[in-house]
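# Tertiary structure, described
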Amino acid sequence: AASALDDELGRLRRASELEQSKSKALAVPGEQMLKIDQNQLRAAKEAELLKGIRIRFLADSPDRTIDQFTSYTRETKVEGMSAQQTVLELRQAVAAQEGMAVEDV
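Here's what I pulled together on the structure shown here. Here the structure is a predicted model, which means the values were calculated and not measured.

This part takes up the overall build of the protein. What the protein contains, in helices and strands, is four helices and two strands. For the protein, the α and β elements follow one another from N to C terminus as α-α-α-β-β-α. Summarising the internal contacts of the protein: among those between residues at least 6 apart in sequence, 32% fall at separations of at least 24. Summing over all exposed atoms, the protein offers an accessible surface of approximately 9000 Å²; the carbon and sulfur share of this is 54%.

On to helix α4 (residues 87-98), then. Compared with the 16 Å implied by 1.5 Å per residue over twelve residues, the 16 Å span of α4 between its first and last C-alpha is a close match. Positive phi shows up at glycine 99, right after α4, with a value of about 65°.

This part covers the pattern of salt bridges. Inspection of every chain in the model, using the stated rule, returns three salt bridges. A salt bridge links arginine 11 to glutamate 8, with the shortest nitrogen-to-oxygen separation between them at 2.6 Å. Of this pair, arginine 11 and glutamate 8 both sit in helix α1 (residues 2-26), separated by three residues, roughly a single helical turn. Judged by relative accessible area, which is 43%, arginine 11 ranks as partly exposed. Glutamate 98 is the salt-bridge partner of arginine 74, the closest N and O atoms lying 3.3 Å from each other. Here arginine 74 is found in strand β2 (residues 72-78), whereas its partner glutamate 98 is found in helix α4, with 24 residues between them in sequence. The partly exposed category is assigned to arginine 74, whose relative accessible area is 36%. Classification of glutamate 98 as partly exposed rests on a relative accessible area of 26%.

Moving on, we come to the environment of valine 102. By secondary structure assignment, the location of valine 102 is in the segment after α4. Distance from valine 102 to glutamine 92, taken between C-alpha atoms, is 5.7 Å for residues ten residues apart in sequence. What valine 102 contacts, discounting residues up to four positions off in sequence, is Leu88, Arg91, Gln92 and Ala95.

A few words on the side chain of threonine 76. Its place among the elements puts threonine 76 in strand β2. A relative accessible area of 8% means that threonine 76 is categorised as buried. Other than its neighbours up to four places away in sequence, threonine 76 contacts Ile53, Arg54, Ile55, Phe57, Gln97 and Glu98.

Rules used throughout
- Residues numbered from 1 in each chain as written.
- Predicted model: local features only at pLDDT ≥ 70, side-chain atom pairs only at ≥ 80, totals over all residues.
- Heavy atoms only, no water.
- Helix = DSSP H or I, 4+ residues; strand = E, 2+ residues; numbered from the N terminus.
- Contact = heavy atoms within 4.5 Å.
- Areas by Shrake-Rupley, 256 points an atom, 1.4 Å probe, with all protein chains shown as cover.
- Expected span 1.5 Å × (residues − 1).
- Salt bridge = Lys/Arg side-chain N within 4 Å of Asp/Glu carboxyl O.
- Buried < 20%, exposed > 50% of the residue type's maximum accessible area, 1.4 Å probe, protein only.

As structure tokens, this is what we get:
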């Protein structure tokens, strides 16, 4: 029983030492955490807006199947949309660009 307790105590000490060494390794000065990598900043600014979103309109019919045989009545491309914008905002942009009611988009 004493041997088992000694083994357990040794295991707990090793685990404690490992945790302490991990926390020391992860400790980073505040200034270093606040530094911004210029490459990441440049990439974020370049990708602020999505590339053009292609919108295709189906013919007004009961068949709404989309496959390789689908023909579209028209197609438009919306530029300048952000990933943070909502679907409603996308619909509003398409409606304004195509001269349609938002409900029809």
